[in-house]
Amino acid sequence: IKQNRGSSGEGIWIIKLKSGEYCKEYGAESCKDEDILDMMEANDNHAEEHTVAEFIEFCVNGRNDKSGTWTSKGAGKYLEGGKDAGGQLVD
């Protein structure tokens, strides 16, 4: 997942399901809010673990009680300002 704004790796996440249990056909299932993600941020290769719900909260609203504790240098809020401000995610 990458924020669609210029960066030197901040906001670029390599993400896997911690369980490693993937569906056999693309799109056959969706992640649940409580699924745990094993994540690495490209700017410094640090690792984090968060639930899907925490990651979505961080991407939309940044650091808060719902997004959990982050060691990332970034503030999240990748969608801030909407499309006109470059606020979008790509994969």
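Before reading further, recall that the structure is shown in the block above.
Treat the numbers as computed from the prediction; the structure is a model and nothing was measured. (Residues numbered from 1 in each chain as written. Predicted model: local features only at pLDDT ≥ 70, side-chain atom pairs only at ≥ 80, totals over all residues. Heavy atoms only, no water.)

Draft legend 1. Quick look at the pairing of strand S3 (residues 36-41). The alternating pattern of S3 places Leu-37, Met-39 and Glu-41 on a buried face and Ile-36, Asp-38 and Met-40 on a face that is not buried. Pairing analysis gives five bridges linking strand S2 (residues 13-17) to S3, with the strands arranged antiparallel. Bridge pairing links Trp-13 to Glu-41 in S3. The pairing of S3 with strand S4 (residues 47-51) spans five bridges and is classified as antiparallel. Bridge assignment links Met-40 to a residue of S4, and that residue is Ala-47. Connecting S3 to the next strand, S4, in antiparallel fashion are five residues, including Asn-45 with a positive phi near 60°. (Buried < 20%, exposed > 50% of the residue type's maximum accessible area, 1.4 Å probe, protein only. Helix = DSSP H or I, 4+ residues; strand = E, 2+ residues; numbered from the N terminus. Pairing = 2+ DSSP bridges.)

Draft legend 2. View of the layout of surface pockets. Space inside the largest pocket adds up to approximately 710 Å³. If you go around the largest pocket, you meet 23 residues; those closest to its centre are Leu-17, Tyr-22, Ser-30, Cys-31 and Leu-37. Of all elements in the fold, only S2, S3 and helix H1 (52-61) reach the threshold of two or more residues within the lining of the largest pocket. Considering every element that reaches the lining of the largest pocket, the biggest residue donor is S2, with five residues. Counted by class, the lining of the largest pocket contains 14 nonpolar, two polar and seven charged residues. (1 Å grid on protein atoms, 1.4 Å probe; cavity = no way out; pocket = protein on both sides within 12 Å on 5 of 7 lines; lining within 4 Å. Points joined across faces, edges and corners; volume = space filled by probe spheres on them. Nonpolar A, V, L, I, M, F, W, Y, C, P; charged D, E, K, R; others polar.)

Draft legend 3. Fine view of the sheet that holds S4. Across the sheet, which stays open at both edges, the three strands sit in the order S2-S3-S4 with antiparallel pairing between neighbours. The sheet terminates laterally at S2 and S4, the two strands that pair on one side only. On average, each strand axis in the sheet is inclined to that of its neighbour by 30°, with strand direction left out of account. Sheet strands in contact with H1 are S2, S3 and S4, and its direction is about 105° off that of S4. (Axes fitted to C-alpha atoms, helices over the stretch in contact; angles between N-to-C directions. Contact = heavy atoms within 4.5 Å.)

Draft legend 4. Fine view of the side chain of Ser-72. On the secondary structure map, Ser-72 appears in the loop between H1 and strand S5 (89-90). The exposure class assigned to Ser-72 is buried, which follows from its relative accessible area of 3%. Ignoring any residue separated from it by four or fewer positions in sequence, one finds Ser-72 in contact with Trp-13, Glu-41, His-46, Glu-48 and Arg-63.

None of the figures reported here should be taken as evidence of function without further support.
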